[in-house]
Structure formats: C-alpha cells, structure tokens
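# Architecture at a glance
So you can see what is in the structure, the chains are spelled out below.
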Amino acid sequence: MSDARQSSRRAGVVGLGLIGGSVGLALRERGWFVIGADISPAVAADALELGVVDEISDPARADITVVATPVGAIAATVKEMLDAGAPLVTDVGSVKAPVVAQIADPRFVAGHPMAGSEHSGVRGARADLFHGAVWVLTPSEQSSDETYAAVRAVVADLGAEVITIDPAAHDQLVAVVSHVPHLAAVTLMALADTQSSRHRALLRLAAGGFRDMTRIAAGEPSIWLDICRENAAAIAGVLDHLIADLGAIRAQVAADDRAALLGTLERARVARVNLPTGVPLDQPLAELRVVVPDQPGELAKVTRLATDIDVNIYDIEIAHSFEGQGGTLILIVPEAKSERLVGALMAHGYNPSTRPLEQS
C-alpha cells in the first residue's frame, strides 16, 4: 500500500461498516488519504487500528466524501456534509429515490455499489470488494455534470463497472435482484431452522446449493429494517410476484405436470447461464464524441441512455468546461456496440461521431 499520508488526494468516509470500510481500504490502496467518521467511537477506533482510514476527524474536509451510514440516516448525513462545505458528496445506500428527493445540490450524486459479503462490520471490509462489481449512480436533475464525472472517475478507479439509471428505476430493479433475494434467503433459512428443531440431522445435511442460496442471510440484520421501510412499495410488489410464481410451481409439482415444470426449469436455467459475467479485457474499443448543450444533467442523460440500451462506458472525459454554447463528451465504449449508441443519441437529437480506438 502506498503512503497515503503523502497524497494530495483526500477522501472522507462517514460510516465505517463493511461497505464504508471497504471504500476506505480501496481508496487507501490507491494512494488516497482517508478521513473517517463513525457514530460509534469503538468502530472508529477499530477502523484506525485496522488501517481502514488514516485518521478520525471531519470527513467534510476532503475532495470527496462518501456517506456509508444506514439507509435511514443517509439524507440527513449528506445534508450535514454539504452544509459543512464538502465539495463533492456521494453515498452507497441501496435505496435511492427517497434520498435523491431530499437533496437538491449540484455537489451530490447518489450511488449504490452492488457488492456485499456475509461478513459484517469494519472487520469484514476488503479493499477488493468492488472489483468487477456494478456500481450504480443515480444523479438528480440538480447534480452537476462535473460532479457526476468526478464521482464516476473515483468509482471506476475502484475497479467497479459504473452504470447510470433513474433513482426510482433503481429501487424497483434492486428490489428484484437484491432486496427480495435477501428476504427469500432469510425465509428459507428460518424454515430450515424451524424444521431442524424436529429433525436434528437436517442442518447437517445442508449441501452446497442450500448454503449458496442462504449465504446472504448471514449479513447484518439491522440494516434491513431501514431498507425495507424506505423501499417498501417495490419490495412488496416483487414479493407478490414471487409468491404467485411459487404458487404456480407448487401447482406444477402437485399435479405432476412434467411438461410445465420442465419449461419453468429450462427458462430459469437459460436465464441464469446468460447472466452477464463481465467484459473481456481484450475487447476492441471505440471513442465516441458528442457535443452537448450547456445545461445541467446532460452527462447523466447521455450515460443513462447508454445504460438503457446496454452499452458499457469504460471512460469519460469532458473535453472542456460547459461554458458558452456547450461542451464535448468523449466516451470510450465497446466498438461492437458503438453504432448502437450513436443511433440512440441521434434519435435523441445529438450529433455524435465515433472512431475505433487503437490499443497497445
């Protein structure tokens, strides 16, 4: 690890649990001087002892401040950091719309790393937790393009794949891929525990599949109270769909409807096999340039469009400040999908250009 104390780059982390601690470790590994804060003096002391942060003091005295508190405290903490003069603030909470609705400041971009562990607390933190993970950014209409670009650059440097989507859409999607799966794992684990009281050998028979499905149930329970409250509508809706689908597969099993059951199993198998697994490092890339008008939110609009049509953006540069008539965005994208993004941008009134990017 480099000597972060010699670095001119300073980051603040508020909330030194698993995610906040991992952010601190990852930033320090890249040479940042990390200032930490936590509501618990014992946790703060542990973070300092473990090398998660360089010092415990005011995290607003940094180039970027990352709020990693429980979901219910994020909005208030972000406001506190902004009021204290923090020049750039983001967060890592798994519910976005309620937070974005409360923060109208160009210095804030909401975010959510789709990463975690069955371990909890600062002692479970890992510098590589975000390598290859998706990190969602959900800028508001008030977020400045410069703020978005700066936050995106820091996140990408942690090894994450950055995507940009609407806050409300994020909350609906994350209910499907994160929140309800956690509750399903909790329910399955609770069922097995209840059954084991009558059949003592049951949990000793738990094989790899059961352990894989229930691993996330070992996570910190308290954080889920805020998550379920803040994203209640989306979670309840997805649970309704899950209950209906479980009822359908129950009917197939009870009726020995082998054809229908096989169809259900095959659709699930195909969907699972085709889950995205990352991008090949040797993939040909293209440089796409697009002139955008001088108004807030243009960068977020372009990147959100790229996410909607499944085009990864590997790097972003703002060619010059957005003064006068506008600015030029330079995007690095997969060459195979560059024309898809060009077409989408043209359909939205932009006039982009693209060229293959030579790779050494």
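Residues numbered from 1 in each chain as written. Predicted model: local features only at pLDDT ≥ 70, side-chain atom pairs only at ≥ 80, totals over all residues. Heavy atoms only, no water.

## Things to note about a nonpolar patch on the surface
Together, Met-114, Val-176 and Val-177 give the surface a local cluster of nonpolar side chains, amounting to about 240 Å² of exposed area. Tracing the sequence through the fold places Val-177 in helix 6 (residues 167-196). (Patch = residues over 30% accessible without salt bridge, like charges linked within 9 Å, V, L, I, M, F, W, Y side chains within 5 Å. Areas by Shrake-Rupley, 256 points an atom, 1.4 Å probe, with all protein chains shown as cover. Salt bridge = Lys/Arg side-chain N within 4 Å of Asp/Glu carboxyl O. Helix = DSSP H or I, 4+ residues; strand = E, 2+ residues; numbered from the N terminus.)

## Comments concerning the packing of helix 6 against helix 8 (residues 223-230)
Between helix 6 and helix 8, whose axes approach to 12 Å, the crossing angle comes to 125°. Between helix 6 and helix 8, the angle falls in the class oblique. Regarding helix 6 and helix 8, the two cross each other, and that crossing is left-handed. Contacts between helix 6 and helix 8 pair Ser-178, His-179, His-182 and Leu-183 from the former with Trp-224, Ile-227 and Cys-228 from the latter. Tallied by class, the residues present in the contact of helix 6 with helix 8 amount to four nonpolar, three polar and no charged. (Axes fitted to C-alpha atoms, helices over the stretch in contact; angles between N-to-C directions. Parallel < 35°, antiparallel > 145°, perpendicular 65-115°, else oblique. Left-handed = near helix turned anticlockwise from the far one by under 90°. Contact = heavy atoms within 4.5 Å. Nonpolar A, V, L, I, M, F, W, Y, C, P; charged D, E, K, R; others polar.)

## A few points about the packing of aromatic side chains
On inspection of all chains with the given rule, the structure shows one aromatic pair. Pairing Phe-130 with Trp-135 gives two aromatic rings, centres 5.0 Å apart and planes at 55°, and the pair type is tilted. What makes Trp-135 buried here is its relative accessible area of 3%. (Phe/Tyr/Trp six-rings, centres within 6.5 Å; stacked < 30°, edge-to-face > 60°. Buried < 20%, exposed > 50% of the residue type's maximum accessible area, 1.4 Å probe, protein only.)

## Section: the environment of Val-253
Here Val-253 lies in helix 9 (residues 232-254). Val-253 gets classed as exposed once you look at its relative accessible area, which sits at 54%. For Val-253 and Ser-197, which are 56 residues apart along the polypeptide, the C-alpha to C-alpha distance reads 26 Å.

## Here's the deal with the sheet that holds strand 8 (residues 161-164)
The strand order across the open sheet formed by eight strands is 3-2-1-4-5-6-7-8, and the pairing between neighbours is mixed. Strand pairing shows two members of the sheet lacking a second neighbour, strand 3 (55-56) and strand 8, which therefore form its edges. As defined by bridge partners, strand 5 (residues 89-91) adjoins strand 6 (residues 108-113) across two bridges and the pair is classed as parallel. If you follow Val-89 over to strand 6, its bridge partner there is Phe-108. Contacts between helix 3 (residues 74-83) and the sheet are confined to strand 1 (10-14), strand 4 (64-67), strand 5 and strand 6, with strand 4 contributing the most and set at about 160° to the helix. (Pairing = 2+ DSSP bridges.)

## Considering unusual backbone geometry
Although it is not a glycine, Asp-256 adopts a positive phi angle of roughly 50°. Note that Asp-256 resides in the loop between helix 9 and helix 10 (258-273). Since its relative accessible area comes to 53%, Asp-256 is described here as exposed. A positive phi angle, near 65°, is found at Asp-310, a position not held by glycine. Residue Asp-310 is classed as partly exposed on the basis of its relative accessible area, which comes to 46%.

## What to know about the side chain of Ser-94
Looking at where Ser-94 falls in the secondary structure, it is placed in the loop between strand 5 and helix 4 (97-102). For Ser-94, the side chain forms a polar contact with the side chain of His-179, separated by 3.2 Å. In contact with Ser-94, not counting residues within four places along its chain, are Val-71, His-112, His-170, Asp-171, Val-174, His-179 and Ile-227. (Polar contact = N/O pair within 3.5 Å; in protein donor to acceptor, adjacent residues only side chain to side chain.)

## Let's talk about the environment of Pro-181
Secondary-structure assignment places Pro-181 in helix 6. Given the relative accessible area of 30%, Pro-181 is considered partly exposed. Considering only alpha carbons, one finds Pro-181 and Leu-239, 58 residues apart in sequence, at a separation of 9.6 Å. Setting aside chain neighbours within four positions, we find Pro-181 in contact with Ala-175, Val-176 and Ile-216.

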